[in-house]
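# Results of the structural survey
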Amino acid sequence: MTITIAGVKKEVKDGITLPELIEQEKVETPMYVTVSINEEFVKKSDEAATVLKEGDSVEFLYFMGGGQ
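So, here is what we can say about the structure in this document. (Residues numbered from 1 in each chain as written. Predicted model: local features only at pLDDT ≥ 70, side-chain atom pairs only at ≥ 80, totals over all residues. Heavy atoms only, no water.)

### Thoughts on the overall build of the protein chain
- Looking only at helices and strands, the protein chain has one helix and five strands in total.
- Secondary structure of the protein chain in N-to-C order comes out as β-β-α-β-β-β.
- Projected onto its principal axes, the C-alpha coordinates of the protein chain cover approximately 45 × 25 × 20 Å.
- Scored against the burial criterion, the 68 residues of the protein chain give a buried share of 32%.
- Put simply, 51% of the contacts in the protein chain that link residues at least 6 apart link residues at least 24 apart.
- Of the accessible surface of the protein chain, which amounts to about 4800 Å², a share of 54% is contributed by carbon and sulfur atoms.
- When the 7 positive and 13 negative side-chain charges of the protein chain are each reduced to one mean point, those points stand 2 Å apart. (Helix = DSSP H or I, 4+ residues; strand = E, 2+ residues; numbered from the N terminus. Buried < 20%, exposed > 50% of the residue type's maximum accessible area, 1.4 Å probe, protein only. Contact = heavy atoms within 4.5 Å. Areas by Shrake-Rupley, 256 points an atom, 1.4 Å probe, with all protein chains shown as cover. Lys, Arg positive; Asp, Glu negative; His and termini not counted. Charge placed at Lys NZ, Arg CZ, Asp CG, Glu CD.)

### Describing unusual backbone geometry
- Phi angles above zero are rare outside glycine, and Ala6 is one such case at about 50°.
- Positionally, Ala6 belongs in the loop between β1 (2-5) and β2 (8-11).
- Unlike most non-glycine residues, Asn38 shows phi in positive territory, near 50°.
- Within the secondary structure, Asn38 is located in the loop between β3 (33-37) and β4 (40-41).

### Quick notes on the sheet that holds β3
- With respect to topology, five strands assemble into an open sheet ordered β2-β1-β5-β3-β4, the strand pairing being mixed. Of all the strands in the sheet, just β2 and β4 have a single pairing partner and so form its edges.
- Two elements, β3 and strand β5 (residues 57-62), share five bridges in a ladder whose sense is antiparallel. What sits directly across from Ile37, in β5, is Val58. (Pairing = 2+ DSSP bridges.)

### So, the environment of Ser57
- When you line up the elements, Ser57 lands in strand β5.
- Considered as a pair, Ser57 and Ile37 are 20 residues apart in the sequence and their alpha carbons are 5.5 Å apart.
- Excluding residues that lie within four positions of it along the chain, Ser57 makes contacts with Thr4, Ser36, Ile37 and Asn38.

### Brief notes about the pairing of β5
- Examined bridge by bridge, β1 and β5 share two bridges and lie parallel to one another. Across the sheet, Ile5 pairs through a bridge with Val58, a residue of β5.

Shown next as structure tokens:
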């Protein structure tokens, strides 16, 4: 099936879960990344049970700290 990851259309296996996608995409420090699917944030507690569907749009968001 085709989904969009960070603006790029990619083919992934049918029924891929969010944790599988995070691993497949080699997301750095997955414990600190926030995921949105179709512009809706996914709660950490819901990630394991989240199954992606044809046409979904996924973004991995990294929050930066710092500054003064």
